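Analysis of the macromolecular model
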Amino acid sequence: MKKNLKIYLASPRGFCAGVKRAIDIVEKSITKYGKPVYVRHEIVHNKQVVEDLKKKGAVFVEELSDIKDSTRPVIFSAHGVPKSVPEEAEQKKLSFVDATCPLVSKVHRESEQLFKKGYDIILIGHNNHPEVIGTMGQLPKGSIKLVETVNDASLLDNKNFSKPVAYITQTTLSVDDTAEIISKLKEKFPNIKQPIKEDICYATTNRQLAVKKIAPKCDMFFVIGSRNSSNSVRLVEVAKKAGCKNSMLMYFEKEIPMKELKNSNIIGISSGASAPEQLVQNLLNEVKKDREITIEEVIVAEEKVVFKLPKELN
């Protein structure tokens, strides 16, 4: 007889509105313009999604200079791009569709307005993440100072800045870690200007809330997502911090640790904002081969957000 296993399934999980929109943009572009369409950088950070889109006729490149046929359209990924990228596309006479998530675009506009109003800007984010490269690339080089940790924040003081100070953040950070960094910045700069509405996106916040609620009850916690997906990696950190030390990222090639699962009575499952739901179902089906499972979905929020497609694809 199979041993029983209780599974808490986090909700919301998986695709957010920005990811759905970005994938739709690629699929609709292929339908409208024919094959191939180029995509600069992975449209979203998930290997399965990228492989599926390749089969449909998308060609992924890292830079515009890698595009072999300049008569074909190019799509910019959901993470956003520096201003230099659309400028280069215009110089090369490439037609392009921008799939930047509207919540990332909001941070871009925020940085421009702060710059115009004469603020020195601090960006809380992860160095070299495409979203951070895109946000820093909205303004002249050196206009934005990147802070990754509380320690980075504590090293700053007024002599680093000649103007009033404001901060913005990457949209996919850990809510709690970011709160610690913000608190340190406020201690250093009591008059620091903060975003009117916080920059960490609703989907990141909701997924972290669901994980926090479930993780303390679990022997193991699985987050399905890619290793280069910032929001997925954050979910693993959140699960560990919330009390489930045995939390792991289940990426494309990773084997399910069946041996460890044998000793577990309760596990939790969530998935990053760029991971297809099918991957969650695949994991459940694998576990079912070994165990009798009961699933309880833990819902912390209902997501009804939908982002419109760019005009050229409507």
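The preceding data block contains the structure.
Residues numbered from 1 in each chain as written. Predicted model: local features only at pLDDT ≥ 70, side-chain atom pairs only at ≥ 80, totals over all residues. Heavy atoms only, no water.

Here's the deal with the overall build of the protein chain
Regarding its fold elements, the protein chain presents eleven helices and twelve strands. Expected size for 314 residues packed as a compact globule is a radius of gyration near 20 Å; at 21 Å, the protein chain falls within 12% of this value. Reported as C-alpha extents along the three principal axes, the dimensions of the protein chain are approximately 65 × 55 × 30 Å. The 314 residues of the protein chain split such that 51% are buried. Taking all contacts inside the protein chain whose residues are at least 6 apart in sequence as the whole, residues at least 24 apart take part in 77%. (Helix = DSSP H or I, 4+ residues; strand = E, 2+ residues; numbered from the N terminus. Rg over C-alpha atoms; globule rule 2.2 N^0.38 Å. Buried < 20%, exposed > 50% of the residue type's maximum accessible area, 1.4 Å probe, protein only. Contact = heavy atoms within 4.5 Å.)

Considerations on empty space enclosed by the protein
Sizing a probe to match a water molecule and rolling it over the atoms shows the empty space that remains. Enumeration over the complete set of coordinates arrives at two cavities of 30 Å³ or more. As a volume, the largest cavity reaches approximately 290 Å³. Only α1 (17-33), α4 (102-116), α8 (202-214) and α9 (230-241) provide two or more residues apiece to the lining of the largest cavity. Looking at the lining of the largest cavity element by element, the count peaks at three residues for α1. Classifying every residue of the lining of the largest cavity by side-chain character gives twelve nonpolar, eleven polar and one charged. (1 Å grid on protein atoms, 1.4 Å probe; cavity = no way out; pocket = protein on both sides within 12 Å on 5 of 7 lines; lining within 4 Å. Points joined across faces, edges and corners; volume = space filled by probe spheres on them. Nonpolar A, V, L, I, M, F, W, Y, C, P; charged D, E, K, R; others polar.)

Examining the pairing of strand β8 (residues 165-169)
Within β8, five of the five residues are buried, leaving the element largely enclosed by the surrounding structure. Side-chain alternation along β8 places Val165, Tyr167 and Thr169 on one buried face and Ala166 and Ile168 on a second face that is also buried. Alignment of strand β6 (residues 120-124) against β8, held across five bridges, turns out to be parallel. Bridge assignment links isoleucine 122 to a residue of β8, and that residue is tyrosine 167. (Pairing = 2+ DSSP bridges.)

Some points on the nonpolar core
Within the largest apolar cluster, 23 residues are counted, with the highest numbers of intra-cluster contacts made by Ile25, Val26, Ile43, Val44, Leu53 and Ile75. If you tally residues by element for this core, the top one is α1, at six residues. Leaving out residues up to four positions away in the same chain, isoleucine 25 has contacts with Ile75, Val97, Asp98, Ala99, Leu309, Pro310 and Leu313. Leu5, Met250, Leu261 and Ile293 belong to the second largest nonpolar core, which has 19 residues in total. (Core = buried A, V, L, I, M, F, W, Y, C linked by side-chain atoms within 4.5 Å.)

Quick word on unusual backbone geometry
Looking along the chain, the bond that leaves serine 11 and enters proline 12 is cis, with omega of 5 degrees. Here proline 12 shows up in the loop between β1 (4-11) and α1. The omega angle of the peptide bond from lysine 35 to proline 36 is -10 degrees, so this bond is cis rather than trans. Tracing the backbone through its elements, the reader meets proline 36 in the loop between α1 and β2 (37-40). The backbone of histidine 41 shows a phi angle near 70 degrees, a positive value even though the residue is not glycine. Among the structural elements, histidine 41 can be located in the loop between β2 and α2 (47-56).

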